[in-house]
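# Survey of secondary and tertiary structure
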Amino acid sequence: MSASQTSSSDVPADVPTLLVKIFGKDRPGITAGLFDTLAAYSVDVVDIEQVVTRGRMVLCALVTEPPPGLEGDLRSTVHSWAESMKMQAEIISGLGDNRPRGLGRSLVTVLGHPLTAEATAAIASRITKTGGNIDRIFRLAKYPVTAVEFAVSGVETEPLRTALVTDAARLGIDVAVVAAGLYRRAQRLVVMDVDSTLIQDEVIELFAAHAGCEDEVAEVTAAAMRGELDFEQSLHARVALLEGLDASVVDKVRSEVRLTPGARTLIRTLKRLGYQVGVVSGGFTQVTDDLKERLGLDFAHANTLEIVDGRLTGKVTGEIVDRAGKARLLRRFAAEAGVPLSQTVAIGDGANDLDMLNAAGLGVAFNAKPVVREAAHAAVNFPFLDTVLYLLGITREEVEAADILDIG
């Protein structure tokens, strides 16, 4: 589906207008032909909306009433023109323009694989029950998921988000609700977690595999998840198990890292559209620095494994990147990029990312734990990182255009 909409000027509520509706098989020249036909009657255009779905067009034009005595001729001429184009026409008399849209404007993005009629009905119904009105629906993507965007007015963003997120989990779809406005496309900094977000792996487990201490590292990780250790304690405990490992293992681990499907597409598209992109990680600079170079990232920060005389010492050096540290780094990157914090996007999967997700203008939980999904502004539960693009209002066509530019 594609759609376009314009509005020329305010029309008093008591001014007679005509709604001209044309529908049938899409072909070049329909829009120009309709307005060429209307031009003969000296009408002004008040509003236009056009939608094309699977080759079938619906074109609506709201115009002022023609001079006295010409409306009947206008109707006859439009119907004759439509018939000559093998289209159908409907003309409805009325007064004024559309009803004013209610206060509170939001954009609701719905992701489904598939997107069922049941889920769509439930979302539309919930919007209505919260006091919202659906002004426009637009398909952003059909691959790798179906993504549609609802423009909603009449209800504030936060209560709408609360209502829809609850339904989304039950319906097996993802829903993101953001305030409408120019700032959405002005979000010019995206910062993401690395382990299990940008990449499929946990870097410390890759190191542990070479040190033969995978089970021990897993035990410490489990203790941290149970709340028996905080992140910094668990980090030091796990890194200590790597003591004595030859530094040559760094290159091996780098080669073993697997990017999450869609990661390259996400970054390439964002960069083509003028975004700055960074990563923050509780992992290690020995890997994130390599990712920064390979992927053309603008920012990267992580913990650093200490290496002395060609071997890992079992210690980390410098500032520890923990839950609070990730949020601090998001703020630091935003300041360096000259981007207001309200216009940043953060992506992560774990509790360690929560402060960062909450600090960002838009926090996206990517295949995250339930507690993270519930706290984030939006959630994506599909295994493709580039689906995050649709939450930013970026269409599949724009993604593919970025791919073509990259090849060129």
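The rules behind the values
Residues numbered from 1 in each chain as written. Predicted model: local features only at pLDDT ≥ 70, side-chain atom pairs only at ≥ 80, totals over all residues. Heavy atoms only, no water. UniProt positions renumbered as here; feature names shortened; annotations may be inferred. Pairing = 2+ DSSP bridges. Helix = DSSP H or I, 4+ residues; strand = E, 2+ residues; numbered from the N terminus. Axes fitted to C-alpha atoms, helices over the stretch in contact; angles between N-to-C directions. Parallel < 35°, antiparallel > 145°, perpendicular 65-115°, else oblique. Left-handed = near helix turned anticlockwise from the far one by under 90°. Contact = heavy atoms within 4.5 Å. Nonpolar A, V, L, I, M, F, W, Y, C, P; charged D, E, K, R; others polar. Core = buried A, V, L, I, M, F, W, Y, C linked by side-chain atoms within 4.5 Å. Buried < 20%, exposed > 50% of the residue type's maximum accessible area, 1.4 Å probe, protein only. Polar contact = N/O pair within 3.5 Å; in protein donor to acceptor, adjacent residues only side chain to side chain. Phe/Tyr/Trp six-rings, centres within 6.5 Å; stacked < 30°, edge-to-face > 60°. Lys NZ or Arg CZ within 6 Å of the ring centre and 35° of its normal. Patch = residues over 30% accessible without salt bridge, like charges linked within 9 Å, V, L, I, M, F, W, Y side chains within 5 Å. Areas by Shrake-Rupley, 256 points an atom, 1.4 Å probe, with all protein chains shown as cover. Salt bridge = Lys/Arg side-chain N within 4 Å of Asp/Glu carboxyl O. Lys, Arg positive; Asp, Glu negative; His and termini not counted. Charge placed at Lys NZ, Arg CZ, Asp CG, Glu CD.

For the protein, an unreviewed UniProt entry supplies the name phosphoserine phosphatase and the organism Streptomyces indiaensis. Turning to the protein, the UniProt annotation filed under Pathway (unreviewed entry) states: "Amino-acid biosynthesis; L-serine biosynthesis; L-serine from 3-phospho-D-glycerate: step 3/3."

### Quick notes on the pairing of strand S3 (residues 45-53)
When S3 meets strand S4 (residues 56-64), the two strands line up antiparallel, connected through eight bridges. In the strand pairing of S4, glutamate 49 is matched with cysteine 60. The hairpin formed by S3 and S4 contains two residues between the paired strands, and arginine 54 there has a positive phi angle of roughly 45°.

### A closer look at the packing of helix H1 (residues 30-39) against helix H2 (residues 71-84)
Following both chains from N to C, one finds H1 and H2 inclined at 155°, their axes separated by 10 Å at the closest point. Here H2 runs roughly antiparallel to H1, going by the angle between their axes. In this structure, H1 crosses over H2, and the sense of that crossing is right-handed. Only Leu74, Thr77, Val78 and Trp81 of H2 make contact with H1, whose side of the interface consists of Ile30, Gly33, Leu34, Thr37 and Leu38. Partitioning the contact of H1 with H2 into residue classes produces six nonpolar, three polar and no charged.

### A look at the nonpolar core
One finds Leu198, Phe207 and Ile347 to be the most contacted residues of the largest nonpolar core, which totals 64 residues. Ranked by the residues each element gives to this core, the list is headed by helix H5 (residues 203-211), at five residues. Counting residues in hydrophobic clusters, the runner-up holds 22 residues, among them Leu329, Phe333, Ala337 and Ala368.

### Description of the environment of aspartate 193
For aspartate 193, the location among the structural elements is in the loop between strand S10 (189-192) and H5. Overall, the relative accessible area of 4% leaves aspartate 193 in the buried class. Each C-alpha atom of the pair aspartate 193 and aspartate 349 lies 7.5 Å from the other, and the pair is 156 residues apart in sequence. In contact with aspartate 193, other than residues within four places in its own chain, are Leu198, Val280, Ser281, Lys326, Ile347, Gly348, Asp349, Asp353 and Met356. A polar side-chain atom of aspartate 193 sits 2.9 Å from a polar atom in the side chain of lysine 326.

### A few points about the packing of aromatic side chains
What the rule picks out here adds up to two aromatic pairs. For the pair phenylalanine 207 and phenylalanine 284, a centre-to-centre distance of 5.9 Å together with 85° between the ring planes defines the contact as edge-to-face. Here phenylalanine 284 lies in strand S11 (residues 276-284) and phenylalanine 207 lies in helix H5, a separation of 77 residues in the sequence. The same class applies to phenylalanine 207 as to phenylalanine 284, namely buried. Over the aromatic face of tyrosine 275 sits the side chain of arginine 188, whose NZ or CZ is 5.0 Å from the ring centroid.

### Topic: a positive patch on the surface
There is a patch of like positive charges on the surface, built from Lys25, Arg54, Arg56 and Lys86. Structurally, lysine 86 is set in the loop between H2 and strand S5 (88-95).

### Quick notes on the pairing of S4
Where strand S2 (residues 16-25) and S4 come together, nine bridges link them in antiparallel fashion. Counterpart to valine 20 in the pairing with S4 is alanine 61.

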